[in-house]
Each structure stands twice: as structure tokens, then as C-alpha cells.
Amino acid sequence: MGMPAPGTQIFIAALRVAADAIWAPSPNFGRRREGLTPDLVVLHYTAMTSAAAALCTLSTPQTEVSSHYLIDEAGTTTQLVDEHMRAWHAGQGSWRGLEDINSRSIGIELANDGATPFSAAQMDATEELLRGIHARWQIAPEGVIAHSDMAPRRKIDPGPRFDWRRLARSGVSVWPEMADAEPDGFAQAARSFGYPDVPLDTLLSAFRLRFRPWADGPLDAVDAGLATNLAVRFGN
């Protein structure tokens, strides 16, 4: 095979924003639609036996799934899809009333079975990667969301063991403060923050999974207060 034209080489080099990651390209990607660029980051867990098994799944054409990054339990970051390209990680769902989240986001898979705490090394690597993504794309901290946030009917990852509060303390995500609010204002506030228009019980489950995973029972004033604070600070 002949060498590609010099301009092609420059184009490819410009696209590879590896951010100190191991480059292991997946064939499962395409161009972002309608000229969109990322303004969200979606966090997932793999729910597989190992990071190696997840890497195989994310790189096999027949699976038709991928992510931009995979972070294993030791904190090793592997990049599978260029950030400029559209990885196939989010599926159906919406955030802030917008669909085709794949074209609007960068996807990060974390090797985790959903029941095990995320390691300190993995969280350190996640924070470092998010800081780089923020710098490259000017994605606001409130744009870092869970897969369960944008697809609450069908997804629960990265799950109740993920430390969202830690990410907020480091400035790469957000965490609510308590505010006075009545329970009947919860749904409007949560949707203003970004959650899709789903039944109240589904909405409450998704909200608590991220912000009150220890909570149980019916909707209460704490749920409403936290959602109201997020809506006031970040709502659309």
C-alpha cells in the first residue's frame, strides 16, 4: 500500500486527542451528525467480568457498541474512538430535551460490575481525563452525566457505588445543596436540570440513583430541595 497524502496524515494526527491514554482503536464509530460537537460526557460501567472483556466487546464490529474511553480498575485509560468522532455508547435517551446523545457527547466506560466500589486509582484517572476533556471542549461540569440520567427507563450505570460527590469536589461535575421546596415541585425542577420527561417513579429512581442512592420510600421534601437547587443553578 502507498503512503497516504501528507495532508491526510496531518488530519489524522490532529484528530487523535489521546490524553495520556493507550490508543486501541475500535471500528465502531462514525461522524457526529449535523455538525454537532460534544457538550456532554456520559459515564458508564461495563458490567462485565474484566476490563479486557469489555475492551473486546467495545472493539468487535458485530456488537455495534463502543466508547471513547475505557478506564480499568488500576486507572489505566484506553482510548478507542477519537473525541471528534461519534462513539456508540449512549443509545436511546435524551438530556435537556435533546436526543442523539451519541453525537453530543463523549462516552467513558469504567470497568466495574455495578456492585463493587470504584477504586481510588480509577477515580483519579476519571478526574484527570475529565479535566482534559473540559479543557479541550469547554464542557461545563453540569454536562458530566450518568447513563442512567439520560436513559432512566433502561439504564442504571454507573450505579449507586459511583462517587459523584468526589467529582463535584474536584470541580469536574456537580452536586446539589439543600433548598426549601415542596415535593410537588420535584418533577419540574428535575426536568429543568436536564432529566427526560418520564413517569414520576422512574424520574425519582434515576435522580436518587445519582444524588441519594441511600434513600428509600416516597418522594419527599429532600428530593425536591436538591432538585430545586440544581434547577436554580444549572436549569434551562
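Our structure's up above, just so we're on the same page.
Residues numbered from 1 in each chain as written. Predicted model: local features only at pLDDT ≥ 70, side-chain atom pairs only at ≥ 80, totals over all residues. Heavy atoms only, no water.

### Side note on the overall build of the protein chain
If you tally the helices and strands in the protein chain, you get nine helices and eight strands. Whereas a compact globule of 236 residues would reach a radius of gyration of roughly 18 Å, the protein chain reaches 18 Å, a difference of no more than 12%. Scored against the burial criterion, the 236 residues of the protein chain give a buried share of 50%. Just so you have it, the protein chain exposes about 11,100 Å², and 55% of that area is on carbon and sulfur atoms. (Helix = DSSP H or I, 4+ residues; strand = E, 2+ residues; numbered from the N terminus. Rg over C-alpha atoms; globule rule 2.2 N^0.38 Å. Buried < 20%, exposed > 50% of the residue type's maximum accessible area, 1.4 Å probe, protein only. Areas by Shrake-Rupley, 256 points an atom, 1.4 Å probe, with all protein chains shown as cover.)

### Considerations on the layout of surface pockets
The volume enclosed by the largest pocket comes to roughly 290 Å³. Forming the boundary of the largest pocket are 18 residues, of which Tyr 45, His 89, Glu 109, His 147 and Lys 155 lie nearest the centre. Of all the secondary-structure elements, those providing two or more residues to the lining of the largest pocket are β3 (40-45) and α2 (51-59). Looking at which element gives the most residues to the lining of the largest pocket, the answer is α2, with three residues. Class assignment of the residues belonging to the lining of the largest pocket gives a composition of eight nonpolar, seven polar and three charged. (1 Å grid on protein atoms, 1.4 Å probe; cavity = no way out; pocket = protein on both sides within 12 Å on 5 of 7 lines; lining within 4 Å. Points joined across faces, edges and corners; volume = space filled by probe spheres on them. Nonpolar A, V, L, I, M, F, W, Y, C, P; charged D, E, K, R; others polar.)

### Side note on the pattern of salt bridges
For the coordinates displayed, the defined rule picks out 12 salt bridges. With a closest N to O distance of 2.7 Å, Glu 83 and Arg 136 form a salt bridge. Of this pair, Glu 83 sits in the loop between β5 (77-79) and β6 (85-87) while Arg 136 sits in helix α4 (residues 120-137), and the two are 53 residues apart along the sequence. Across the pair Arg 86 and Asp 100 runs a salt bridge whose closest N-O atoms are separated by 2.9 Å. With a gap of 14 residues between them, Arg 86 in strand β6 and Asp 100 in the loop between β6 and α3 (101-104) connect regions that are remote in the sequence. Given the relative accessible area of 10%, Arg 86 is considered buried. Relative accessible area serves as the criterion here: at 23%, Asp 100 is assigned to the partly exposed category. (Salt bridge = Lys/Arg side-chain N within 4 Å of Asp/Glu carboxyl O.)

### With respect to the side chain of His 134
Here His 134 is to be found in helix α4. Owing to a relative accessible area of 13%, His 134 belongs among the buried residues under this scheme. Of note is the side chain of His 134, whose polar atom sits 2.5 Å from the backbone oxygen of Ile 139. Those residues in contact with His 134 that sit more than four places away from it in its chain are Ile 139, Ala 140, Pro 141, Val 144 and Val 172. (Polar contact = N/O pair within 3.5 Å; in protein donor to acceptor, adjacent residues only side chain to side chain. Contact = heavy atoms within 4.5 Å.)

### Some points on α2
Buried within α2 are the following residues: Ala 51, Ala 54 and Leu 58. For α2, the angular spread of the buried residues around the axis is 55°, confining them to a single face. Considering only its buried residues, α2 is in contact with β4 (69-71) and β7 (105-110). (Arc of directions from axis to C-beta.)

### Side note on the sheet that holds strand β1 (residues 22-23)
Note: strands within a sheet are paired through backbone hydrogen bonds, in either parallel or antiparallel orientation. Across the sheet, six strands lie side by side as β1-β5-β4-β7-β3-β8; this open sheet has mixed pairing. A single partner strand is all that each edge strand has here, and the edge strands are β1 and β8 (144-146). As judged from the two bridges shared by β1 and β5, these two strands associate in the parallel manner. Following the sheet pairing, Trp 23 is matched in β5 by Gln 79. (Pairing = 2+ DSSP bridges.)

### A few points about the pairing of β7
Note on strand geometry: in a regular strand, side chains alternate between the two faces of the sheet. In terms of residue burial, β7 counts as a mostly covered element, since six of its six residues are buried. As judged from the six bridges shared by β3 and β7, these two strands associate in the parallel manner. Within the sheet, the bridge partner assigned to Val 42 lies in β7 and is Gly 107. Two strands pair when backbone bridges link them, and β4 and β7 are joined in this way by three bridges, in the parallel orientation. Note on β7: the bridge partner recorded for Leu 70 is Glu 109.

### Re the nonpolar core
Residues Ile 108, Ile 133 and Tyr 195 are the most contacted members of the largest nonpolar core, which totals 52 residues. Leu 70, Leu 80, Val 81 and Ala 87 belong to the second-largest nonpolar core, a separate cluster that totals seven residues. (Core = buried A, V, L, I, M, F, W, Y, C linked by side-chain atoms within 4.5 Å.)

### A word on the packing of aromatic side chains
For the coordinates displayed, the defined rule picks out 11 aromatic pairs. Seen in terms of ring centroids, Phe 118 and Phe 162 are 5.1 Å apart; in terms of plane orientation they differ by 90°. Their pairing is edge-to-face. With Phe 118 in the loop between β7 and α4 and Phe 162 in the loop between α5 (147-150) and α6 (164-169), this residue pair connects regions lying 44 residues apart in the sequence. On the basis of relative accessible area, Phe 118 is assigned to the buried category, the value being 11%. (Phe/Tyr/Trp six-rings, centres within 6.5 Å; stacked < 30°, edge-to-face > 60°.)

Nothing here speaks to function; it is geometry throughout.
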